[in-house]
Amino acid sequence: MKPVTTGRIHSWDLSTGVDGPGTRFVLFVNGCPLRCLYCANPDTWHMRDGREVTADEVMAEIDKYRVFVTTAGGGVTITGGEPLLQPAFTAELLRRCREAGLHTALDTSGFLGARATDQLLADTDLVLLDIKSFDIPTYRKLTGGELAPTLSFATRLDRLGIPMWIRYVLVPGWNDDPEAVAGLAQFVAGLGNVDRVDVLPFHKLGAAKYEALGIPFPLRDNPVPDQTLTERVRKQFRELGLVAY
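Small disclaimer: the values here were computed from a predicted structure and weren't measured. (Residues numbered from 1 in each chain as written. Predicted model: local features only at pLDDT ≥ 70, side-chain atom pairs only at ≥ 80, totals over all residues. Heavy atoms only, no water.)

## Regarding the side chain of R156
Thinking step 1. Mapped onto the elements of the fold, R156 is located in helix α6 (residues 148-160).
Thinking step 2. Overall, R156 belongs to the buried group, its relative accessible area being 16%.
Thinking step 3. Within the structure, R156 has its side chain in polar contact with the backbone oxygen of G113 (distance 3.1 Å).
Thinking step 4. Only 2.6 Å separates the side chain of R156 from the backbone oxygen of A116, close enough to count as a polar contact.
Thinking step 5. Sequence-distant contacts of R156, that is, excluding residues within four places in its chain, are made with G113, A114, A116, T117, D118 and L121. (Helix = DSSP H or I, 4+ residues; strand = E, 2+ residues; numbered from the N terminus. Buried < 20%, exposed > 50% of the residue type's maximum accessible area, 1.4 Å probe, protein only. Polar contact = N/O pair within 3.5 Å; in protein donor to acceptor, adjacent residues only side chain to side chain. Contact = heavy atoms within 4.5 Å.)

## Some points on the packing of helix α7 (residues 178-189) against helix α9 (residues 227-238)
Thinking step 1. The contact between α7 and α9 brings their axes to 9 Å, and the two run at 35°. Between α7 and α9 lies a crossing of right-handed hand. Of the residues in α9, those touching α7 at P178, V181, A182, L184 and A185 are R232, V233, Q236 and F237.
Thinking step 2. Residue composition of the contact of α7 with α9, by class: seven nonpolar, one polar and one charged. (Axes fitted to C-alpha atoms, helices over the stretch in contact; angles between N-to-C directions. Left-handed = near helix turned anticlockwise from the far one by under 90°. Nonpolar A, V, L, I, M, F, W, Y, C, P; charged D, E, K, R; others polar.)

## Re the packing of aromatic side chains
The description of an aromatic ring pair rests on the distance of the ring centres and on the angle between the ring planes.
Thinking step 1. Using the criterion set out here, one finds seven aromatic pairs in the structure.
Thinking step 2. An angle of 45° between the planes, with centres 6.1 Å apart, marks the rings of F25 and Y65 as tilted. Here the residue F25 occupies a position in strand β2 (residues 23-29), and Y65 occupies one in the loop between α1 (55-64) and α2 (66-71), the gap between them amounting to 40 residues.
Thinking step 3. Judged by centre distance (6.1 Å) and plane angle (80°), the ring pair of W45 and Y210 falls under edge-to-face. In this pair, W45 is assigned in the loop between β2 and β3 (51-54) and Y210 in helix α8 (residues 207-213), connecting sequence segments 165 residues apart.
Thinking step 4. Residue classification places W45 among the buried positions, given a relative accessible area of 14%.
Thinking step 5. What makes Y210 buried here is its relative accessible area of 1%.
Thinking step 6. Joined through ring pairs, the aromatic side chains of W12, F25 and Y65 make up one cluster.
Thinking step 7. Cation over ring: R196 sits above W165, and NZ or CZ is 4.0 Å from the ring centre. (Phe/Tyr/Trp six-rings, centres within 6.5 Å; stacked < 30°, edge-to-face > 60°. Lys NZ or Arg CZ within 6 Å of the ring centre and 35° of its normal.)

## A short note on the pattern of salt bridges
When the charged atoms of two side chains lie near each other, side chains of opposite charge can form a pair.
Thinking step 1. Under the criterion given, the structure shown has 15 salt bridges.
Thinking step 2. Between D56 and R96 there is a salt bridge, with the nearest N and O atoms lying 2.7 Å from each other. In this pair, D56 sits in helix α1 while R96 sits in helix α3 (residues 87-99), placing the two residues 40 residues apart along the sequence.
Thinking step 3. Its relative accessible area of 47% is what places D56 among the partly exposed residues.
Thinking step 4. Across the pair E146 and R140 runs a salt bridge, and its minimum N-O distance is 2.9 Å.
Thinking step 5. Through salt bridges that share partners, D56, E92, R95, R96 and E99 make up one connected network. (Salt bridge = Lys/Arg side-chain N within 4 Å of Asp/Glu carboxyl O.)

## With respect to the pairing of strand β6 (residues 126-130)
Thinking step 1. Counting buried residues along β6, five of its five residues qualify, which places the element largely inside the surrounding structure.
Thinking step 2. Neither face of β6 is open: one carries L126, L128 and D130, the other V127 and L129, and all of them are buried.
Thinking step 3. Here strand β5 (residues 103-108) runs beside β6; their pairing, made up of four bridges, is parallel. Each bridged residue has a counterpart across the sheet, and for T108 the counterpart in β6 is L129.
Thinking step 4. Here four bridges tie β6 to strand β7 (residues 164-170), and the two strands are oriented parallel to one another. Its bridge partner being in β7, V127 is matched across the sheet by M164. (Pairing = 2+ DSSP bridges.)

The values are spatial; any link to function lies outside them.
As structure tokens, then:
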């Protein structure tokens, strides 16, 4: 008998135009190796806080919305947390969604990209790759992790020809330096598989979650980017021929 694949999840939701093309069934898994100072989902950091479910249970839930999301040009997105912290569970879901004819998307920091097998990626139609900063010391301070694994993962996806959306959360005073943004834009423009770049203004909508967990929100007093700054950064990507929103 084949062993049952289980994982730990936080929740699921439906979204449109944010987590991949069309209307998506978005699964939030638990567990993340990074501690981004601006994280909006601190309640997904720890695996132990998630609800254990089987892949069968998740697929049964997805099946309820299959006609709705496919009619709306969407599919399934696995996010978190960090899906590649649970690679077997994530791979099983992507495979079964692909077999069911659903468009699949993986939202990841790429920090654990080495855990993604070629088969997992073959079952992934789109990778939403979060690149937090292109300056190594800033990346380390902002996330607690290293930048190199993410860049390595991006080049691997390029070699495999797997489409990517780059996601860049813009945090004033942290990753808005024009030179660092230019370096990232040059790197991304050198890849042949990037469909778009999403410059996402930093927000504080997750502040209440920090309060509920009894932990400080590190960027509580940090300003959010204004339209002028956001457009400047988007323009830096566009100047290199990239589609940026």
